[in-house]
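Remarks on the overall topology
Next come the chains, spelled out residue by residue.
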Amino acid sequence: MKVVFAEYPESRNRDIKTEMMYLPDGAEIGFAVYDEDHLEAYYEALEDADAVLTGFAPLDKAAIDHLKKCRIISVQATGWNFVDSDYAKAKGIAVCAVGEYCTQEVADHAMALMLALCKMFPYHTRRINQDKAWEIESLKDREVRRIEGQTLGIVGFGKIGRAVAKRAQAFGMKVIAYDPYIEAEAANAMGVLLTDIDTLLGSSDIITIHMNMTEENECFFNKNTFAKMKKHPFIINVARGGMINEEDLAEALDKGLVRGAGLDVLYSESPDLAASRLTNRENVIITPHSAFYSDDSIEACERISMENIRYYLEGEKDKVFKLV
């Protein structure tokens, strides 16, 4: 039995001691490194896998066609948009994800981005560190609003969206949400108004994104949606970068259609930051897909993703956290 770790070049030598503790008995391991310039080597390394564990290295149709005897692909994340799960299913390969391991961390990160933008932290940091200026008079030329009383629009009201709602309400924010898969009663029970997307876009002072990535919502936030944002909100994205058209966001920022953005994810998992139109803006905070990170969440993710492989291969499918 062989478990193959599908990794990007930068994560090839990461510490896998937690996964090794939960490796199926007698299993050997291998590595398939996803390098767009050497895809044949990636495909070849996948061929003899009984199970594949991937964080974000893609497993599309071409990669899946090279899985000669694989029974399960275990995704080391809550989202699995980089795995063609339908095609895997058609090939008789199960796909499982980690249903939950970093809800609290991601919700905290979303709130931190909101608070930092509202309180002008990037501007103050620049004034202190670069200009060596200790003053607040210049704030009179900028919009600085009290967080209490602002309307937060949550797009995607699953576990993380609800955790953010709970935190935002503690700050005195009014919370509305859009999620076509959630019953209104579930939102109402939390004091959250479930509404249609156009109402949310037009009514929110801050919009935070917590949807799963699908083909249907790729570039969901684009020039058309930005144009509907009547209150020129802050945009927070700690979900998937592919949900925002980055060129359209840059244009919306330039035109003042949105006040600013807090982004933990970008369209590419290996972005060219030197060429990005979103960097070096005092109304944009970008973090390197780190919202999920804590010692506790990393241990849980690594453990659960390998446990999912073990349970599935040993016939205990009922113990797999999330079989998708």
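Fair warning: this is a prediction, and the values are worked out from it, not measured in the lab.

**Topic: the UniProt feature "domain: D-isomer specific 2-hydroxyacid dehydrogenase catalytic" (unreviewed entry) in the protein chain**
UniProt records the feature "domain: D-isomer specific 2-hydroxyacid dehydrogenase catalytic" (unreviewed entry) at residues 30–317, using the numbering of this structure. Span residues 30–317 is 35% helix and 15% strand, its end C-alpha atoms 24 Å apart.

**Notes on the side chain of Thr 151**
Along the polypeptide, Thr 151 turns up in strand β6 (residues 151–155). Residue classification places Thr 151 among the buried positions, given a relative accessible area of 8%. Not counting chain neighbours up to four residues away, the residues in contact with Thr 151 comprise Lys 174, Ile 176, Ser 203, Ser 204, Asp 205, Ile 206 and Lys 231.

**A few points about the packing of aromatic side chains**
Considering all chains together, one arrives at seven aromatic pairs under this definition. Grouped by ring-pair contacts, the aromatic residues Tyr 8, Tyr 34, Tyr 42 and Tyr 43 constitute a single cluster. Cation over ring: Arg 12 sits above Phe 31, and NZ or CZ is 3.8 Å from the ring centre. Just above the ring of Tyr 123 sits the side chain of Arg 142; from NZ or CZ to the centre is 4.0 Å.

**Considering the environment of Gly 202**
Relative to the elements of secondary structure, Gly 202 occurs in helix α9 (residues 197–203). C-alpha separation for the pair Gly 202 and Glu 251, spaced 49 residues apart in sequence, amounts to 18 Å. If we skip the residues at most four places from it in the chain, Gly 202 touches Lys 228, Lys 230 and Lys 231.

**Some words on the sheet that holds strand β4 (residues 72–75)**
Backbone-to-backbone hydrogen bonds pair the strands of a sheet. The strands run either parallel or antiparallel. Read across the sheet, six strands follow the order β2-β1-β3-β4-β5-β13 without closing on themselves; strand pairing throughout is mixed. Edge strands, defined here as strands with exactly one partner in the open sheet, are β2 (28–33) and β13 (322–323). Relative to β2, strand β1 (residues 2–7) is paired through six bridges, and the arrangement is parallel. Of the residues in β2, the one forming a bridge with Lys 2 is Glu 28. Seen against the sheet, helix α2 (residues 39–46) touches β1, β2 and β3 (51–54) and runs at an angle of roughly 160° to β2. Lying on the sheet, helix α12 (residues 295–313) is in contact with β1, β3, β4, β5 (94–97) and β13; it crosses β4 at an angle near 160°.

**Some points on the pattern of salt bridges**
Under the counting rule described, the total for this entry stands at 25 salt bridges. Note that Glu 302 is salt-bridged to Arg 14, the shortest N-O span being 3.9 Å. Of the two residues, Glu 302 sits in helix α12 while Arg 14 sits in the loop between β1 and α1 (17–21), which places them 288 residues apart along the sequence. Here Glu 302 falls in the buried class, since its relative accessible area comes to 13%. Classification of Arg 14 as partly exposed rests on a relative accessible area of 24%. Of the charged contacts, one joins Glu 299 and Arg 303 as a salt bridge, the two residues approaching to 3.2 Å between their closest N and O atoms.

**A short note on the domain arrangement of the protein chain**
According to the domain assignment, the protein chain contains domain 1 (2–101 + 294–319) and domain 2 (103–286). Listed per partner, the contact involves 10 residues of domain 1 and six residues of domain 2. Summing both sides of the interface, domain 1 and domain 2 together bury roughly 790 Å²; the carbon and sulfur share of this comes to 45%. In terms of surface lost to domain 2, no three residues of domain 1 exceed Phe 56, Asn 81 and Glu 100, which account for 50% of the buried area on that side. Inspection of the domain 1/domain 2 interface yields zero salt bridges. Along the contact surface separating domain 1 from domain 2 lie three residue pairs in polar contact (both at pLDDT 80 or more). Here the residues of the side of domain 1 that touches domain 2 sort into three nonpolar, four polar and three charged.

**Focus: the UniProt feature "domain: D-isomer specific 2-hydroxyacid dehydrogenase NAD-binding" (unreviewed entry) in the protein chain**
Those places that UniProt annotates as "domain: D-isomer specific 2-hydroxyacid dehydrogenase NAD-binding" (unreviewed entry) correspond, in this numbering, to residues 111–291. Annotated as 31% helix and 15% strand, the span residues 111–291 places its first and last C-alpha atoms 11 Å apart.

**Observations regarding the pairing of β6**
Most of β6 is tucked away: five of the five residues are buried. With burial as the criterion, each face of β6 is covered, one bearing Thr 151, Gly 153 and Val 155 and the other bearing Leu 152 and Ile 154. Bridge count for β6 against strand β7 (residues 174–178) is five bridges, and the pairing is parallel. Counted as the bridge partner of Ile 154 is Ala 177 from β7. Handedness of the crossover joining β6 and β7 through helix α7 (residues 159–170): right-handed.

Criteria and thresholds
- Residues numbered from 1 in each chain as written.
- Predicted model: local features only at pLDDT ≥ 70, side-chain atom pairs only at ≥ 80, totals over all residues.
- Heavy atoms only, no water.
- UniProt positions renumbered as here; feature names shortened; annotations may be inferred.
- Helix = DSSP H or I, 4+ residues; strand = E, 2+ residues; numbered from the N terminus.
- Buried < 20%, exposed > 50% of the residue type's maximum accessible area, 1.4 Å probe, protein only.
- Contact = heavy atoms within 4.5 Å.
- Phe/Tyr/Trp six-rings, centres within 6.5 Å; stacked < 30°, edge-to-face > 60°.
- Lys NZ or Arg CZ within 6 Å of the ring centre and 35° of its normal.
- Pairing = 2+ DSSP bridges.
- Axes fitted to C-alpha atoms, helices over the stretch in contact; angles between N-to-C directions.
- Salt bridge = Lys/Arg side-chain N within 4 Å of Asp/Glu carboxyl O.
- Domains from an automatic or database assignment.
- Buried area = accessible area lost by both parts, 1.4 Å probe.
- Polar contact = N/O pair within 3.5 Å; in protein donor to acceptor, adjacent residues only side chain to side chain.
- Nonpolar A, V, L, I, M, F, W, Y, C, P; charged D, E, K, R; others polar.
- Right-handed = clockwise from strand over helix to strand, strands pointing away.

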